[in-house]
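Architecture at a glance
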Amino acid sequence: MQDTKLFETILGLTAPWHVARVELKTDAKRVDLWLEHDSTRWRCPECDAELAGFDHAEERTWRHLDTCQFETHLHAEIPRVQCPTHGIKQVRVPWAEPRSRFTLLFERLIIDLIRQCSTVKGACAIAGVSWDEAWGVMSRAVARGQARKTARAIRYLGVDEKAFRKGHRYHTIVCDLDRSTVEFVAEDRETKSLAGYYASLTDDQRGAIEAVAMDMWDPYIHATRDGLPGGHAKIVFDRYHIMREMTRAVDTVRKHEHRAFLREGGESPLTGTKYLWLYSDEQRPAAHAETFATLHALNLKVGRAWAIKEALRTLWTYRQGAAVRRFFTHWSTWAVRSRLEPVKKVAAMLKRRIDGVLRFVKYPITNGVAEGLNSKIMNIKRKAGGFRNPSNFTTAIYFHCGGLDLYPR
Ligand SMILES: [Zn+2]
C-alpha cells in the first residue's frame, strides 16, 4: 500500500480530497501530509448553493492525532467560492471546523483530556498544546454547545453566587435543579445579572419555571419578581442560606460573650469553643460531647442562641402550611424574647420575608444541588490553577457543568 493511500484510510478521507504527499521527519518525530482535491464545484458554507471554485486561500496547517509517536500535521489550500449572496467564502472541509488549527479528532481528544485530567496544564502536556490553545478549544466547545442548546422547559431553578477570586467580584450562577446543570453565568450579582438570564428565555420557558431557590439577596428578588410571570410567588428562600445566617448569629453571640468574660478579667469558658457551637447536634464529633454538655449546663447566652438555631432546623420538616406557620410564630416569639441581638435580627429578617421562607412547603427545593455544583466549581478553580480573567472562569463553568454537547462534528 502506498503511504498516501494508507493515510487516506487512517484519516477517513474521501473524494474529492486525497493525500498528495507524505513527508516523514524522523528526527523531529513529525509527519506532514499535504491534502489536495480534484473538484471544481463547491458549496457556499452559508447557503449551500453549488458554485464553481473561485480560487484558493493560502495554505493552512492543522494538528491531527499523533501517528504512533509522530506528531501529525495536515496541510491544504482551502478552495474559495464567490457566492452571489454571501461573497467570497472559504468552503467547509471535512476534517476541521472553520478557523480551528486542529482537526476534529484532535479537538475531541483535547476536550476529553481537559475533562479527565486533574489539571488543564496536565492535559496540555499530554496533548502537546499550549495553555492558550487549550483555552481556545474550551471556548469553541462551549460556544458550540450553547448554539446547539434547545429551549427546554426548566421547572426549578437555583440562583447562587460564587466568588471568582477570594475578595473579588461575584459571579451569579443559575442552575437547573432537576438536571444539576449550570444554565447561565453572569459576571456580577446585580439585578441585571439575573434579569439577563430571564430575558434570554422564551415566553414558554419563563412560564414553565415554577420556583426559584435563592438567597435573600434583593437584586435576585427584584429580578425574579419582575422577570417571571407571577414571579413574586415563585421565590423560595434557600434553607442553607437561612441556616448559614442563623449559624453566623450564634457565632456573633459567642464572640460578644467571650469578650465580656475577658473584659471582666476572669477566664472565659468559651476559649477555643468556636467550632463546638457551629456543629448541629448530630454532626458534633463524639469526642466533644462531654465538653459541650458541660458548657451547655453553664446556661450561657451562646447556649441559648444555639438551642434557638437547632430549633429552627425543624421548620423544614413541616409539610402543611398552617402547621409550619404556627411553628414559626412560636419560634420567632422565642427568638425575639431571647434578648440576643444577632438572633433577633435573623428572626426579624425571616419574618419580613416569611412567604418566601415558607414556600418550601409548596415547592420543596433547596440550593443543595447548587451547593454540589459549588464544590465542582471549586474543583474547576483548582484544576485551572487560577484564572486570568473572569470570562475564563465563566467558560470553565459552562465547559464542566453546563451539560453541553461540546464535541465538534
Ligand atoms: Zn451563499
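All figures in this text were calculated on a predicted structure; none of them were measured in a lab.

Remarks on the sheet that holds strand β7 (residues 156–163)
Judged by pairing direction, the sheet is mixed, and its five strands sit side by side in the order β9-β8-β7-β10-β11 without closing on themselves. Single-partner strands in this sheet number two, and they are β9 (181–186) and β11 (235–237). Across the sheet, the axes of successive neighbouring strands diverge by a mean angle of 25°, strand direction being ignored. Sheet topology note: the strand β10 (residues 211–214)/β11 ladder contains three bridges and is parallel. Note on β11: the bridge partner recorded for Val212 is Ile235. On top of the sheet, helix α5 (residues 191–200) reaches β7, β8 (170–176), β9 and β10; it is set at about 125° to β9, its chief contact. Sheet contacts for helix α7 (residues 218–227): β7, β8, β10 and β11; angle to β10, the most-contacted strand, approximately 175°.

Quick look at the coordination of the zinc ion
Here the zinc ion is held by the protein donor atoms Cys44 (SG), Cys47 (SG), Cys83 (SG) and His86 (ND1), which lie 2.1 to 2.3 Å from it. Considering all four donor atoms around the zinc ion, angles at the metal cover 104 to 114° and the coordination shape is tetrahedral. The sequence pattern describing where the donors of the zinc ion fall on their chain is C-x2-C-x35-C-x2-H. Exposure remark for Cys47: the relative accessible area of 34% places this residue in the partly exposed category.

Remarks on the pattern of salt bridges
One pass over the full model with this rule turns up 36 salt bridges. When the shortest N-O distance is used, the salt bridge between Arg63 and Glu71 registers 4.0 Å. With its nearest N and O atoms 3.0 Å apart, the salt bridge here joins Arg144 to Glu107. Here Glu107 lies in helix α2 (residues 104–116) and Arg144 lies in helix α4 (residues 131–148), a separation of 37 residues in the sequence. One exposure class covers both Arg144 and Glu107, and it is buried.

A word on helix α13 (residues 341–352)
Compared with the 16 Å implied by 1.5 Å per residue over 12 residues, the 16 Å span of α13 between its first and last C-alpha is a close match. Among the residues making up α13, those that are buried are Pro342, Val343, Val346, Ala347, Met349 and Leu350. Across the axial projection of α13, the buried residues extend over an arc of 160°, all falling on one side. What points out from α13, more than 90 degrees from its buried face, is the exposed set Lys345, Lys351 and Arg352. Next to the buried residues of α13 lie α8 (239–263), α11 (301–312), α12 (321–337) and α14 (354–358).

Parameters at a glance
- Residues numbered from 1 in each chain as written.
- Predicted model: local features only at pLDDT ≥ 70, side-chain atom pairs only at ≥ 80, totals over all residues.
- Heavy atoms only, no water.
- Pairing = 2+ DSSP bridges.
- Helix = DSSP H or I, 4+ residues; strand = E, 2+ residues; numbered from the N terminus.
- Axes fitted to C-alpha atoms, helices over the stretch in contact; angles between N-to-C directions.
- Contact = heavy atoms within 4.5 Å.
- Donors = N, O, S within 2.8 Å, 3.2 Å for Na, K, Ca; no water.
- Tetrahedral: all angles 85-135°; square planar, octahedral: opposite > 155°, others 65-115°.
- Buried < 20%, exposed > 50% of the residue type's maximum accessible area, 1.4 Å probe, protein only.
- Salt bridge = Lys/Arg side-chain N within 4 Å of Asp/Glu carboxyl O.
- Expected span 1.5 Å × (residues − 1).
- Arc of directions from axis to C-beta.

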